[in-house]
Amino acid sequence: MVADCFNEYFTSIAGETLKAKHFTEKLPYLFSSSNQLRIMDWSRFIQQLLMRSTITAVADIVEHILDSLEAGNTVCAAFLDLSKAFDCLDHQLILEKLRTFGIVGSALAWFGSYLSDRQQLVEIKHTVKGTTSVVRSELLGVSRGVPQGPPQIHDTYSHTVMFADDSVLLTSNRELEPLEISNFISISKAMEYCANNDLVFNENKTQQVFFGKFKNDITCPPDIQVTESTKHLGIILDQELCWGAHIDYLCQRLSSSIFALRRINSVGTVDATRAAYHALVESQLRYGIIFWGNCSKEKHPASFCSSKACC
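Just so you know, these numbers come straight off a predicted model, no measurement behind them.

Q: Now, about the overall build of the protein chain: what can you tell me, with residues and values included?
A: Looking only at helices and strands, the protein chain has 11 helices and 13 strands in total. The burial tally for the protein chain puts 39% of its 311 residues in the buried class. Put simply, of all contacts in the protein chain between residues at least 6 apart along the chain, 63% involve residues at least 24 apart. As presented, the protein chain carries roughly 17600 Å² of accessible surface, and 54% of it is formed by carbon and sulfur atoms.

Right under this line is the structure:
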């Protein structure tokens, strides 16, 4: 049963792997510089949905890096870490932001009604010798804690890619000194924005990855960690964009998933095994295949799964 699931998957995935082979040609076709889909026969809703997926966010980053490298630039990518980004902003600040975006009248009042007069408590259940007791705190007003999305950081020094609270600043230049200056200014502006808008910028967890010929010569701002690879939205990006680190990570996850799939297959029904396969294995294999799908056959996760399934 496990082997049949993999055979079914490999048949369906072949076309996607072929598409991934020409990623650099395919990406400009799918996305214009304004990040709008060019596929005109899809509904507007589907366009908006696809534009905001994690894959298109990573694709925006990779496309920008590739375009910059082809132009002879070195690229600095700053992966910002915001501590408790969904819990920090004051509700009145949120409403003021919405007002600046043109949301007024009944629409603004609707948001205000949703955010106002909120209360919460903490309840703890404790069981001793079969007797359960409950302790509750007092009801307290909630003036923060409603998800707000990412900070809107706009400057002329970097290309900004945001998804939820994950933000990436991309700066590029042919020369080393202007690149370092732009990189420093972009990060400083992000820190200033966070300080002015009740967001906590975590310098110790913010990471920078450098791409291009000067990647080993760049001076990073103080307290910012420089690394050769980092995980962003479930995809590991490395300095060479060869996806080796991501594939190793993916194979480790697939190994655990296949073990669980074998256990389910030994005690469950065919339908249960198939459902578990789609949830635990196929979903991981499909995610981000447009990036890593053209890796060598020896390292390809599909080959790894085949060997595991036949063991």
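Now that the structure has been shown, the text picks up again.
Q: Account for the packing of helix 8 (residues 244-267) against helix 9 (residues 270-286), with residues named and values stated.
A: Where helix 8 meets helix 9, the closest approach of the two axes is 10 Å, and the angle between their N-to-C directions is 180°. Between helix 8 and helix 9, the angle is such that the two are roughly antiparallel. Where helix 8 abuts helix 9, its residues Leu250, Arg253, Leu254, Ser257, Ile258, Ala260, Leu261, Ile264 and Asn265 lie against Ala272, Thr273, Ala276, Tyr277, Leu280, Val281, Gln284 and Leu285. Tallied by class, the residues present in the contact of helix 8 with helix 9 amount to 12 nonpolar, four polar and one charged.

Q: Got a sec to walk through the pattern of salt bridges? Specific residues and values, please.
A: Scanning the entire structure with this criterion turns up four salt bridges. Two residues, Arg99 and Glu96, come together in a salt bridge whose shortest N-O distance is 2.6 Å. Within this pair, Arg99 and its partner Glu96 are both found in helix 5 (residues 91-100), separated by three residues, close to a single helical turn. By relative accessible area, Glu96 is classed as partly exposed at 39%. For Arg286, the salt bridge goes to Glu282, with nearest N and O atoms at 2.7 Å. Remark: Glu282 and Arg286 occur in helix 9; sequence separation between them is four residues, near one turn of the helix. With a relative accessible area of 11%, Glu282 lands in the buried category.

Q: Break down the packing of aromatic side chains for me, citing the residues and quoting the values.
A: Scanning all chains against the criterion turns up two aromatic pairs. Where Trp110 meets Phe111, the ring centres are 5.1 Å apart and the plane angle is 85°; that geometry is what we call edge-to-face. Between the aromatic rings of Trp243 and Phe291, the centroid separation amounts to 5.6 Å while the plane-to-plane angle is 35°, which identifies the pairing as tilted. Of this pair, Trp243 sits in the loop between strand 13 (235-238) and helix 8 while Phe291 is found in helix 10 (residues 289-292), placing the two residues 48 residues apart along the sequence. Residue Trp243 shares its accessibility class with Phe291, and that shared class is buried.

Reading the values: rules and limits
Residues numbered from 1 in each chain as written. Predicted model: local features only at pLDDT ≥ 70, side-chain atom pairs only at ≥ 80, totals over all residues. Heavy atoms only, no water. Helix = DSSP H or I, 4+ residues; strand = E, 2+ residues; numbered from the N terminus. Buried < 20%, exposed > 50% of the residue type's maximum accessible area, 1.4 Å probe, protein only. Contact = heavy atoms within 4.5 Å. Areas by Shrake-Rupley, 256 points an atom, 1.4 Å probe, with all protein chains shown as cover. Axes fitted to C-alpha atoms, helices over the stretch in contact; angles between N-to-C directions. Parallel < 35°, antiparallel > 145°, perpendicular 65-115°, else oblique. Nonpolar A, V, L, I, M, F, W, Y, C, P; charged D, E, K, R; others polar. Salt bridge = Lys/Arg side-chain N within 4 Å of Asp/Glu carboxyl O. Phe/Tyr/Trp six-rings, centres within 6.5 Å; stacked < 30°, edge-to-face > 60°.

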